[in-house]
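# Observations on chain architecture
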Amino acid sequence: MPKPAIFKDEELQRKFDEDGFVSFSMFSAEQVQRIHAFYLRTQVAHETIAESKKFHATNETNNADLIGESDQFIKSVFMEEVDKHFTDYQVIAANYLVKQPHLESELGPHQDLRFVDEEQFYSLNIWMATTNTTKENGSLRFIRGSHLWADTIRTLPSYPWKYREVITYLNNLFTDVETKIGDCVVINHACIHSSYPNLSSTVRVAAIMAIIPKTAEIKHYFLPEGNPENEVEEYNMTLSDFIELKVGHRPQHAQLIRTFKYDFSPIEHNCFQQLSQPLNNRVSTITTYAHIKQKISAFLRFA
Ligand SMILES: O=C(O)CCC(=O)C(=O)O
């Protein structure tokens, strides 16, 4: 059965369905400026973690006021435009994603957490940077169509990524997506993506807002660390369950729908033989699994 459309424009929907991402001009320069100005006003609070993390998200600050205010502010600006382009959606959470000017601000290949039943739906981030983005200051890159390769369960707190053994190979398949001020990039959470280190002299600020189809339940897939049985707990979440969720812990009030065994064994090289020729040979310097997991957890570390 086809997944419900979320774009009003059929061509954007087609590209998103095919590629797993799509970029288009969505915001005015003035809106981008407001998102940037809020970041500057809260920069000190945001950057309390910048010493140890060169790529960091609002949610990682453990500052409940900052997390709540940033979420509300980003949503208020994004919602000035979202209805023009999207239909039948519900909003989840919003966050700043910041790259310090440092080699270690690179983000290796990953898929985002699974928020919905992806056999029926998809979930996505609307991503927008407050500057033009290029390879030099931390632009995004994607593996076209990788959201369709395999149905993957992406869990927390343990995140045994199915593609962990083929990261070097993945690095050859990326397509760069550079952006101009006002562009957004819409990212299917199941599409493999990554971003370059910020080698410029200034911080790269981006804001994201996650949305899912209106008819989808918000899901959380919980896998305890060191679970030898690979037994996943699937929860149906309300928005407040999601907001109150603490990484490493089961959701406190959410409904446990089922427990199931999942094969987390890694996908191997030979599965990729039929894929297209490498598009880009720039090889990641940071592919450590722990780094990716830390970033993915960041999207969920509320208050
Ligand atoms: O902002 C970045 O560099 C990475 C963004 C990302 O991975 C995401 O929005 O899922």
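Throughout what follows, the structure given in this document is the object of discussion.

Right, let's get into the nonpolar core. Among the nonpolar cores identified, the biggest contains 67 residues, and Phe21, Ile126, Val186, Ile208 and Ile211 are the most heavily contacted of them. Broken down by element, this core gets its largest block of residues, eight residues, from strand β11 (residues 204-213). For Phe21, the residues in contact, after removing those within four places along its chain, are Phe16, Phe142, Val177, Val185, Val186, Ile187, Asn188 and Cys191.

Another point: the sheet that holds strand β7 (residues 156-157). What the four strands build is an open sheet, ordered β7-β12-β13-β14; its pairing is mixed. Each edge of the open sheet is held by one strand with a lone partner, namely β7 and β14 (255-261). Pairing of strand β13 (residues 231-237) with β14, which is carried by six bridges, proceeds in the antiparallel orientation. Directly across from Asn236, in β14, lies its bridge partner Gln255.

Near the ligand, the surroundings consist of Leu97, Leu107, Asp112, Asn125, Trp127, Gly138, Leu140, Ile187, His193, Ser195, Ala206 and Ile208. Of all elements in the fold, only β5 (124-129), β10 (193-195) and β11 reach the threshold of two or more residues within the shell around the ligand. Among the residues forming the shell around the ligand, the class breakdown is seven nonpolar, four polar and one charged.

Taking 1.5 Å of rise per residue, the 13 residues of helix α2 (residues 29-41) would be expected to cover 18 Å, and the 18 Å separating its terminal C-alpha atoms lies within 8% of that figure. Buried residues belonging to α2 abut α3 (43-46), α4 (64-85), β3 (89-99) and β11.

What counts and what doesn't
Residues numbered from 1 in each chain as written. Predicted model: local features only at pLDDT ≥ 70, side-chain atom pairs only at ≥ 80, totals over all residues. Core = buried A, V, L, I, M, F, W, Y, C linked by C-beta atoms within 7 Å. Buried ≥ 20, exposed ≤ 12 C-beta atoms within 10 Å, placed from the backbone. Helix = DSSP H or I, 4+ residues; strand = E, 2+ residues; numbered from the N terminus. Contact = placed C-beta atoms within 7 Å. Pairing = 2+ DSSP bridges. Near = placed C-beta within 6 Å. Nonpolar A, V, L, I, M, F, W, Y, C, P; charged D, E, K, R; others polar. Expected span 1.5 Å × (residues − 1).

None of this, on its own, says anything about what the molecule does.
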